[in-house]
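The chain contents come next:
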Amino acid sequence: VVLDGWKGKGGDLVGDFQQVSAGLHTVKLEAAQRAQGHAYYKVGWAPEAPCDDGAWKLQYFSDPSFAHHRATECTPAAADGSLDQSWGTTGPALLNQPAGYAVRALASFVFPKGKYTFSEQASGAARLWVGKQQVLSKPGASGALPVQGATALKAEMVQAEGDSKLQ
């Protein structure tokens, strides 16, 4: 995994979030010193912190293809477990980008046995998964399916321009 390409100047902090599997991994640092002076290289990593139970994890991407993960935050779910985020025309504050970005929202909830109607409202393109099943692929749609027990939910939206929200 390449976190970033070569940079023409020094002193830059280069980093990105990457999903890795459990087990042994090789970490490789390549660096070049182009001028005289002090050389300084540092490599580090830390796991992404989990969200509390009953919260949504929001992952912000600086591109609509979900390739460049830039920030993550946890936001409490509403009393019914739903998500209601509105970023206006400026986009998410952690992303500092008004358009051309993507958001992924992740949560797990325990559902009593029953048939539930899932819906999604988004200002851009949107998709929703319940467990591993994609149930919605356009904003404003809804779909009903039976669920029981701990179930993972994943919602994704891509914002091209304008007022942004994910519900």
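To be clear, the structure that these remarks concern was listed above.
Conventions adopted
Residues numbered from 1 in each chain as written. Predicted model: local features only at pLDDT ≥ 70, side-chain atom pairs only at ≥ 80, totals over all residues. Heavy atoms only, no water. Phe/Tyr/Trp six-rings, centres within 6.5 Å; stacked < 30°, edge-to-face > 60°. Helix = DSSP H or I, 4+ residues; strand = E, 2+ residues; numbered from the N terminus. Buried < 20%, exposed > 50% of the residue type's maximum accessible area, 1.4 Å probe, protein only. Lys NZ or Arg CZ within 6 Å of the ring centre and 35° of its normal.

### Section: the packing of aromatic side chains
- Counted by the stated rule, this structure contains six aromatic pairs.
- Ring centres of W56 and F109 lie 5.8 Å apart, and the angle between their planes is 55 degrees; this geometry places the pair in the tilted category. Of this pair, W56 sits in strand β1 (residues 55–61) while F109 sits in strand β4 (residues 101–119); the two residues are 53 residues apart in sequence, bridging distant segments of the chain.
- Assessed through its relative accessible area of 16%, F109 is described here as buried.
- Ring centres 6.2 Å apart and planes at 85 degrees place the aromatic pair Y60 and W87 in the edge-to-face group. Taken together, the positions of Y60 in strand β1 and W87 in strand β3 (residues 85–88) put the pair 27 residues apart, joining distant regions of the chain.
- Chaining the aromatic ring pairs together yields one cluster made of F111, Y116 and F118.
- A cation over a ring is seen here: K154 above W129, with NZ or CZ 4.1 Å from the ring centre.

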